[in-house]
Amino acid sequence: METEMLNIFTQDGRPLGTAPRDEVHRLGYWHETFHCWVTGTQDGEDVVYVQRRSPDKKDYPDLFDITAAGHLTADETVRDGTREMAEEIGLEVDFDELQPLGIIPYSIRQSEMIDNERAHVFLYHTGLPLEDFRVQPEEVVGLSAVAIRDFAALWRGQQDTVPSRGFVLNSDGNSRPVAQQLSRTDFVPHPDTYYSIVLKGLEEAERARRS
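What counts and how
- Residues numbered from 1 in each chain as written.
- Predicted model: local features only at pLDDT ≥ 70, side-chain atom pairs only at ≥ 80, totals over all residues.
- Heavy atoms only, no water.
- Salt bridge = Lys/Arg side-chain N within 4 Å of Asp/Glu carboxyl O.
- Helix = DSSP H or I, 4+ residues; strand = E, 2+ residues; numbered from the N terminus.
- Buried < 20%, exposed > 50% of the residue type's maximum accessible area, 1.4 Å probe, protein only.
- Phe/Tyr/Trp six-rings, centres within 6.5 Å; stacked < 30°, edge-to-face > 60°.
- Contact = heavy atoms within 4.5 Å.
- Polar contact = N/O pair within 3.5 Å; in protein donor to acceptor, adjacent residues only side chain to side chain.

*Asks:* Got a minute to help me understand the pattern of salt bridges in this structure?
*Replies:* Where charged atoms of side chains with opposite charge meet at close range, the side chains can pair. Under the counting rule described, the total for this entry stands at 14 salt bridges. For Arg 53, the salt bridge goes to Asp 65, with nearest N and O atoms at 3.8 Å. Separated by 12 residues along the polypeptide, Arg 53 in strand S4 (residues 45–53) and Asp 65 in strand S5 (residues 64–65) bring together distant segments of the chain. Comparing Arg 53 with Asp 65 shows no difference in burial state: the two are buried. In this structure, Arg 184 engages Asp 192 in a salt bridge whose closest nitrogen and oxygen atoms are separated by 2.7 Å. A relative accessible area of 46% means that Asp 192 is categorised as partly exposed. Each of Glu 76, Arg 83, Glu 84 and Glu 87 takes part in a single network of salt bridges with overlapping partners.

Structure, rendered in structure tokens:
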């Protein structure tokens, strides 16, 4: 995976060429990713599904994150990003069914990585029950639902923790139900500016469904 070739850009989207993924993260080149936040309804309440990353992942192991996301390789367009939904959570979705939130550039700096992303961000609402999602164990070890109102309160600093309910894979590959309180430190540290755009999109889509 570290030898994947990615397109690299300036922050405002001007193409610069290609580079291997490990070099992209080491040198902090801007690159494109696909993000899709999947929502649903449980017990009459609108929820957002968050994936739990595999503890074996090099980046952000065992943290909760966007429902389905990944890098766009040099030979892919943003429409190809739907493969992440099929691979990671078992959802086969047509790109035109997604609700775009735009391109969100943001930077996360860690000791061994500079992650400068131009994220193509989308929403998708599904009626699929939580237990029917099929996750990819190499990438994702669980999926949990969080009420959108709680998720918004968490990232706006109005709550320290929020309840979640979902499942996690055991070592034998079978799933077991799990309920837990999640705090901001349980999530991949996307910037507040990123979450503010996502939250606005989630809430507007929720209001539109209920109108």
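*Asks:* Whenever I open this one, the packing of aromatic side chains confuses me. Can you help?
*Replies:* Within a pair of aromatic rings, the relevant descriptors are the distance that separates the centres and the angle that separates the planes. For the structure on display, the rule yields 13 aromatic pairs. Relative to Tyr 195, the ring of Phe 151 has its centre 6.1 Å away and its plane inclined at 70 degrees; by these criteria the two rings are edge-to-face. You can see Phe 151 sitting in helix H3 (residues 148–155) and its partner Tyr 195 sitting in helix H4 (residues 192–210), a full 44 residues away along the chain. For Phe 151, a relative accessible area of 0% puts it in the buried group.

*Asks:* Help me understand the environment of Tyr 194 in this model?
*Replies:* As for its placement among the helices and strands, Tyr 194 is situated in helix H4. Once the C-alpha coordinates of Tyr 194 and Val 121 are considered, the two residues, 73 residues apart in sequence, prove to be 9.8 Å apart. Excluding anything up to four places from it in sequence, Tyr 194 contacts His 35, Trp 37, Ile 66, Ile 104, Tyr 106 and Val 121. Polar contacts involving the side chain of Tyr 194 include one to the side chain of Trp 37, which spans 3.0 Å.

*Asks:* Would you take a moment to explain unusual backbone geometry for this structure?
*Replies:* Most peptide bonds are trans, and most residues other than glycine sit at a negative phi. Despite not being glycine, Asp 43 has its phi angle at roughly 50 degrees, a positive value. Looking at where Asp 43 falls in the secondary structure, it is placed in the loop between strand S3 (30–42) and S4. Classification of Asp 43 by relative accessible area gives exposed; the value is 79%. Backbone geometry places Tyr 60, a non-glycine residue, at a positive phi of 55 degrees. As for its position among the elements, Tyr 60 is in the loop between S4 and S5. Of the residues examined, Tyr 60 reaches a relative accessible area of 10% and is grouped as buried.

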